[in-house]
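Architecture at a glance
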Amino acid sequence: MYVIADKRCLDYNAPGHPERPSRVEDTLKRLRLQDELEIEWESPVPVADELLELGHAADYLARLRNPARDFDGDTPAYAGIFDHARRAVGGTMKAQEAALQGHRAFSLSRPPGHHATSDRAMGFCYLSSVGLSALHAAVNLDKRVAVFDFDVHHGNGTESLLLDRRDLAFFSVHQHPCYPGTGATDSGNNCFNYPVPPRTPRNEYRKLLESVLRDLKRWKPDLIAVSAGFDAYVHDPLAQELLEVEDFRWLGEKLADLGVPFYSSLEGGYSSRLPDLIMAWLTGIDD
Ligand SMILES: [Zn+2]
């Protein structure tokens, strides 16, 4: 199992913000202390401007390099945020590279990316790490790529990058109504949304996840990029779903059972149990 991490992602924060360094810091500790999984630690790869331009508008990227003000109330203009976000993209790209070489791989990084649209930072997200990696594999590597997003919030940013693009599809399971309010229905010809009401019983949530994975498999991807958010957990402070730790292990097993190469990248997850949730996911996908 490859885990891609870079401690510099701990170097920004705002008091009281739920997307805080301890999310990754505590998970690093948890993973270093366990001996169930054999982890090979890797670093993010460098990311060229051309990759960012595959999915984001040039004027938005210029603004992100030198932000004059916060992007919104949730999404501060942290010092150096462009470099942090670019390193998160590089972690996801490294995970993709490992997956294409036959490894299981997870990018443990921040900031998350799935709310960053082609021209806007929002919802704690600045660059669309998973969306960009999927675009790269489709455009430059001639792969047919499905993005599977199980973060409890709709991946509106990923959707904006992938909408109606050839050889790319987006499958998102998310609470609705919830932030950011989108994702109630499918979009374009390739973005498939599976809204779930708040407080959906676990067995129903699992059944839906299984049917989403069936739909995804039927689309016949060569590669699956996973936006791994852990905020559908019952005690997450930012949503109202009921999943337990073991459900993330179960989901990892189901995904691995598809027999399609895949890689995953951290999105949300704001409870103090995040290290255990990530450990459950990694245990599920381990081969
Ligand atoms: Zn989320």
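Data block above holds the structure.
Residues numbered from 1 in each chain as written. Predicted model: local features only at pLDDT ≥ 70, side-chain atom pairs only at ≥ 80, totals over all residues. Heavy atoms only, no water.

**Focus on the overall build of the protein chain**
- Across its full length, the protein chain holds 9 helices and 8 strands.
- For 287 residues, the compact-globule estimate of 2.2 N^0.38 gives 19 Å, and the protein chain sits close to it at 17 Å.
- Reported as C-alpha extents along the three principal axes, the dimensions of the protein chain are approximately 45 × 40 × 40 Å.
- Each of the 287 residues in the protein chain was classed as buried or not, and the buried ones make up 59%.
- When contacts within the protein chain are restricted to residue pairs at least 6 apart in sequence, long-range pairs at least 24 apart make up 75% of them.
- Carbon and sulfur atoms form 45% of the exposed surface of the protein chain, whose accessible area is close to 11500 Å².
- Mean positive and mean negative side-chain charge positions of the protein chain (31 and 43 charges, respectively) differ by 1 Å. (Helix = DSSP H or I, 4+ residues; strand = E, 2+ residues; numbered from the N terminus. Rg over C-alpha atoms; globule rule 2.2 N^0.38 Å. Buried < 20%, exposed > 50% of the residue type's maximum accessible area, 1.4 Å probe, protein only. Contact = heavy atoms within 4.5 Å. Areas by Shrake-Rupley, 256 points an atom, 1.4 Å probe, with all protein chains shown as cover. Lys, Arg positive; Asp, Glu negative; His and termini not counted. Charge placed at Lys NZ, Arg CZ, Asp CG, Glu CD.)

**A closer look at the coordination of the zinc ion**
- For the zinc ion, the full set of protein donor atoms is Asp 151 (OD), Asp 151 (OD), His 153 (ND1) and Asp 231 (OD), at a range of 2.0 to 2.7 Å.
- One can describe the donor arrangement at the zinc ion as irregular, given that its 4 donor atoms subtend angles of 53 to 155° at the metal.
- Going along the chain, you hit the donors of the zinc ion in the pattern D-x1-H-x77-D. Here His 153 is found in the loop between strand E4 (145-149) and helix H6 (156-162), whereas its partner Asp 231 is found in the loop between strand E7 (223-228) and helix H8 (245-257), with 78 residues between them in sequence. Take His 153 and Asp 231: they sit in the same class, and that class is buried. (Donors = N, O, S within 2.8 Å, 3.2 Å for Na, K, Ca; no water. Tetrahedral: all angles 85-135°; square planar, octahedral: opposite > 155°, others 65-115°.)

**What about H8?**
- The end-to-end C-alpha separation of H8 is 19 Å, in line with the 18 Å expected for 13 residues at 1.5 Å each.
- Residue Gly 259 follows H8 closely and has a positive phi angle near 75°. (Expected span 1.5 Å × (residues − 1).)

**Focus: the sheet that holds E4**
- The strand order across the open sheet built from 8 strands is E2-E1-E3-E8-E7-E4-E5-E6, with neighbouring strands paired in parallel fashion. Where the open sheet ends on each side, the last strands, each with one partner, are strand E2 (40-42) and strand E6 (191-196). Averaged over neighbouring strand pairs, the angle between their axes works out to 15° when direction is ignored.
- Looking at chain direction, strand E1 (residues 2-4) and strand E3 (residues 105-107) are connected through 3 bridges and run parallel. Note on E3: the bridge partner recorded for Ile 4 is Ser 107. (Pairing = 2+ DSSP bridges. Axes fitted to C-alpha atoms, helices over the stretch in contact; angles between N-to-C directions.)

**Quick word on the nonpolar core**
- Residues Phe 148, Phe 230, Trp 281 and Leu 282 are the most contacted members of the largest nonpolar core, which totals 53 residues.
- In terms of residue count, the dominant contributor to this core is helix H9 (residues 274-285) (8 residues).
- Leaving out residues up to four positions away in the same chain, Phe 230 has contacts with Phe 150, Asp 236, Phe 248, Leu 266, Gly 268, Gly 269, Leu 274, Leu 277, Ile 278 and Trp 281.
- With 39 residues, the next largest nonpolar core counts Leu 64, Ile 81, Val 89 and Ala 134 among its residues. (Core = buried A, V, L, I, M, F, W, Y, C linked by side-chain atoms within 4.5 Å.)

**Here's the deal with the environment of Ser 43**
- In this structure, Ser 43 sits in the loop between E2 and helix H2 (49-55).
- The class for Ser 43 is partly exposed, based on a relative accessible area of 45%.
- Separated by 52 residues in sequence, Ser 43 and Ala 95 have C-alpha atoms that sit 9.5 Å apart.
- Ignoring any residue separated from it by four or fewer positions in sequence, one finds Ser 43 in contact with Ile 4, Ala 5 and Lys 94.

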